[in-house]
Amino acid sequence: METYTCICGNTLFFENSHCVQCQRSVGWCPGCDRITTLLDLGNHRYQCGFADCQTLLTQCHNYKVHQVCNRCIPSNEVESAQPLCDTNKSPRM
Ligand SMILES: [Zn+2]
Ligand SMILES: [Zn+2]
Ligand SMILES: [Zn+2]
């Protein structure tokens with residue numbers, strides 16, 4: 001199974017929506033195709049935690065409200081108040 005690393009050093013799994021060690025939100029970043037730690041910029045704005053990516057992210061509506069998704073959308077592609085991730089762009093499961 002593919003794993004990822006939180007900025008706190010903890011191992012993250014593909015389905016994680018938060019880090020059990022540092023309690024930060026984590027999610028899928030479409031900018032770098034990785035599970036990343038979401039740096040909370042406030043006002044529901046997040047930034048990819050990888051220094052080589054730093055994409056500004058908005059949580060998928062299903063993530064933010066229903067907690068059934070852990071994907072994010074690049075903030076500059078968000079067009080509605082209830083943005084949904086593009087699952088067509090999802091990596092092989
Ligand atoms: Zn962590
Ligand atoms: Zn990223
Ligand atoms: Zn979604």
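All of the points below concern the structure found in this document. (Residues numbered from 1 in each chain as written. Chains lettered and ligands numbered in written order. Predicted model: local features only at pLDDT ≥ 70, side-chain atom pairs only at ≥ 80, totals over all residues. Heavy atoms only, no water.)

**A closer look at the pairing of strand β5 (residues 45-48)**
Two faces belong to every sheet, and in a regular strand the side chains alternate between them.
Moving on, step 1. Across four bridges, strand β4 (residues 34-42) lies against β5 in antiparallel orientation. Bridge pairing links Asp40 to Tyr46 in β5.
Moving on, step 2. From the end of β4 to the start of β5, which pair antiparallel, there are two residues, and Asn43 there has a positive phi angle of about 55 degrees. (Pairing = 2+ DSSP bridges. Helix = DSSP H or I, 4+ residues; strand = E, 2+ residues; numbered from the N terminus.)

**What about the packing of aromatic side chains?**
Moving on, step 1. Taken as a whole and judged by the stated rule, the model has two aromatic pairs.
Moving on, step 2. Chaining the aromatic ring pairs together yields one cluster made of Tyr4, Phe14 and Trp28.
Moving on, step 3. Over the ring of Phe50 we find Arg34, and its NZ or CZ is 3.8 Å from the ring centre. (Phe/Tyr/Trp six-rings, centres within 6.5 Å; stacked < 30°, edge-to-face > 60°. Lys NZ or Arg CZ within 6 Å of the ring centre and 35° of its normal.)

**Some points on the sheet that holds strand β6 (residues 56-59)**
Moving on, step 1. Taken in spatial order, the five strands of this open sheet run β3-β4-β5-β6-β7, and their pairing is antiparallel. If you trace the sheet from one side to the other, it starts and ends with β3 (26-29) and β7 (72-74), each paired once. Ignoring which end each strand starts from, the neighbouring axes of this sheet average 50 degrees apart.
Moving on, step 2. Across three bridges, the pairing between β6 and β7 is antiparallel. Bridged to Thr58 within β7 is Ile73. (Axes fitted to C-alpha atoms, helices over the stretch in contact; angles between N-to-C directions.)

**Considering the coordination of the zinc ion (ligand 3)**
Moving on, step 1. For the zinc ion (ligand 3), the full set of protein donor atoms is Cys60 (SG), Cys69 (SG) and Cys85 (SG), at a range of 2.2 to 2.3 Å.
Moving on, step 2. Expressed as a motif, the donor residue spacing for the zinc ion (ligand 3) is C-x8-C-x15-C. Across the pair, Cys69 and Cys60 agree in class, each one buried. (Donors = N, O, S within 2.8 Å, 3.2 Å for Na, K, Ca; no water. Buried < 20%, exposed > 50% of the residue type's maximum accessible area, 1.4 Å probe, protein only.)

**Structural notes on the nonpolar core**
Moving on, step 1. Counting 13 residues, the largest nonpolar core has Leu38, Cys48, Leu57, Cys60 and Tyr63 as the members making the most contacts within it.
Moving on, step 2. Those elements that place two or more of their residues in this core are β5 and β7.
Moving on, step 3. If we ignore the near neighbours within four places in the chain, the residues touching Leu38 are Ser25, Val26, Gly27, Tyr46, Gln47, Leu57, Gln59, Tyr63 and Cys72.
Moving on, step 4. Residues Tyr4, Cys6, Cys19 and Trp28 belong to the second largest nonpolar core, which totals seven residues. (Core = buried A, V, L, I, M, F, W, Y, C linked by side-chain atoms within 4.5 Å. Contact = heavy atoms within 4.5 Å.)

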